[in-house]
Amino acid sequence: MTNPKILVTGATGRTGGAVVAQLLAKGWPVRAAVRVRNTRSDLLQDRGAEVVVADIFDPGQLTGAMRGVQRAYYCPPYHPLVIQSAMAFADAARETGLEQIVGLSQWLAGPNHPALMSRQHWLIDRTFSELPGIAHTVVNPGFFADSPYLEMMPFAAHFGLLPLPMASESLNAPPSVDDIARVAVAALSDPARHSGKSYRPTGPELLTVSEIAGVIGRVVGHNVRHLKSPLWMFYKGAKALGAEPFMLSGLRHWFEDNDQGAFAVGAPN
């Protein structure tokens, strides 16, 4: 029996790239949606993916990208108009008769969260879940191991510091992008089993930020300690690395939630 083709958006990004790689390794045909053709998209094609250029905000282009596929992984862009992208994606899914959407969300998504991105994620989840005849699964991790923790590796390696604006005793079990992708791929492989479910991938152990600094220290070969940096300093560093202003607007609320234990391990629902 031939496996149905799966569309992956954000295919050259972190979770999208991992989803493509794992699907291909399992023998699933993949259509990788990218913004532009470049060396990263060429690498996906070399690995066996069908590459299509599509603007994730354009309903017509998304409809074209979806024709001939049965399932899709939706990776929302960090953008103030992300809800427009989701509406375009939902319209294309209805138009093409898609059978399943697995959507990346976030653990803090809710209708009353102070961060706009978190509220929009909640609206996206609700929109996809109400599409008639389309199975929907939510993957909602907290902070990734890759971001913000591993993004601080240069500071850890050169200065022995892990500068993050959260309390040293705050708890998290950060998942890798590969583990997040494993959850998405499992859902994409069996829509009936995972329809209507919400899963939160986590790392194997709940750790304080100080303990995470210790793990990083063992990797870089010298002592690393957590420094609770002020938000203004973290903003300046993030801007210097190219972070979008829209993403920065939600950081204060996300870090405050982390201090209150909001990223501690939770069970799937």
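The preceding data block contains the structure.
Residues numbered from 1 in each chain as written. Predicted model: local features only at pLDDT ≥ 70, side-chain atom pairs only at ≥ 80, totals over all residues. Heavy atoms only, no water.

Some thoughts on the overall build of the chain
Next, step 1: Along its length, the chain carries 11 helices and 11 strands.
Next, step 2: Counting every position in the chain, which comprises 269 residues, the buried fraction comes to 49%.
Next, step 3: A fraction of 74% describes how many contacts in the chain between residues 6 or more apart in sequence connect residues 24 or more apart.
Next, step 4: Entry remark: accessible area of the chain is about 12500 Å², with carbon and sulfur atoms responsible for 55%. (Helix = DSSP H or I, 4+ residues; strand = E, 2+ residues; numbered from the N terminus. Buried < 20%, exposed > 50% of the residue type's maximum accessible area, 1.4 Å probe, protein only. Contact = heavy atoms within 4.5 Å. Areas by Shrake-Rupley, 256 points an atom, 1.4 Å probe, with all protein chains shown as cover.)

Some points on the nonpolar core
Next, step 1: Among the nonpolar cores identified, the biggest contains 27 residues, and Val8, Val19, Val20, Leu23 and Tyr73 are the most heavily contacted of them.
Next, step 2: Counting residues per element, the ones that place at least two in this core are β1 (6–8), α1 (14–25), β2 (30–34), β5 (100–104) and α7 (177–189).
Next, step 3: In terms of residue count, the dominant contributor to this core is α7 (7 residues).
Next, step 4: Contact partners of Leu23, with chain neighbours within four places excluded, come to Ile6, Val8, Trp28, Val30, Val185 and Leu188.
Next, step 5: Counting 24 residues, the second-largest nonpolar core is a separate cluster that includes Ala54, Ala88, Phe89 and Leu98. (Core = buried A, V, L, I, M, F, W, Y, C linked by side-chain atoms within 4.5 Å.)

Topic: the pairing of β2
Residues in a regular strand project their side chains so that they alternate between the two faces of the sheet.
Next, step 1: Among the 5 residues in β2, 5 count as buried, and that is most of the element.
Next, step 2: Burial of β2 is two-sided: the residues Val30, Ala32 and Val34 facing one way and the residues Arg31 and Ala33 facing the other way are all buried.
Next, step 3: Strand direction decides the pairing type here: β1 and β2, joined by 3 bridges, are parallel. Bridge pairing in β2 links Leu7 to Arg31.
Next, step 4: In the classification by handedness, the crossover that spans β1, the intervening α1 and the parallel β2 is right-handed.
Next, step 5: As defined by bridge partners, β2 adjoins strand β3 (residues 50–53) across 4 bridges and the pair is classed as parallel. Paired with Val34 across the two strands is Val53, which belongs to β3.
Next, step 6: Crossover β2 to β3 through helix α2 (residues 39–47) is right-handed. (Pairing = 2+ DSSP bridges. Right-handed = clockwise from strand over helix to strand, strands pointing away.)

Let's talk about α7
Next, step 1: Taking 1.5 Å per residue, 13 residues should reach 18 Å; α7 reaches 18 Å between its end C-alpha atoms and fits that length.
Next, step 2: Turning to α7, its buried residues number three or more, namely Val177, Ile180, Ala181, Ala184, Val185, Ala187 and Leu188. Looking straight down α7, one finds that the buried residues subtend no more than 160° of arc, so they occupy a single side.
Next, step 3: Residues of α7 that are buried sit in contact with β1, α1, β4 (71–74), β5, β6 (135–139) and α8 (191–194). (Expected span 1.5 Å × (residues − 1). Arc of directions from axis to C-beta.)

Bear in mind that shape data such as this cannot, by itself, settle questions of function.
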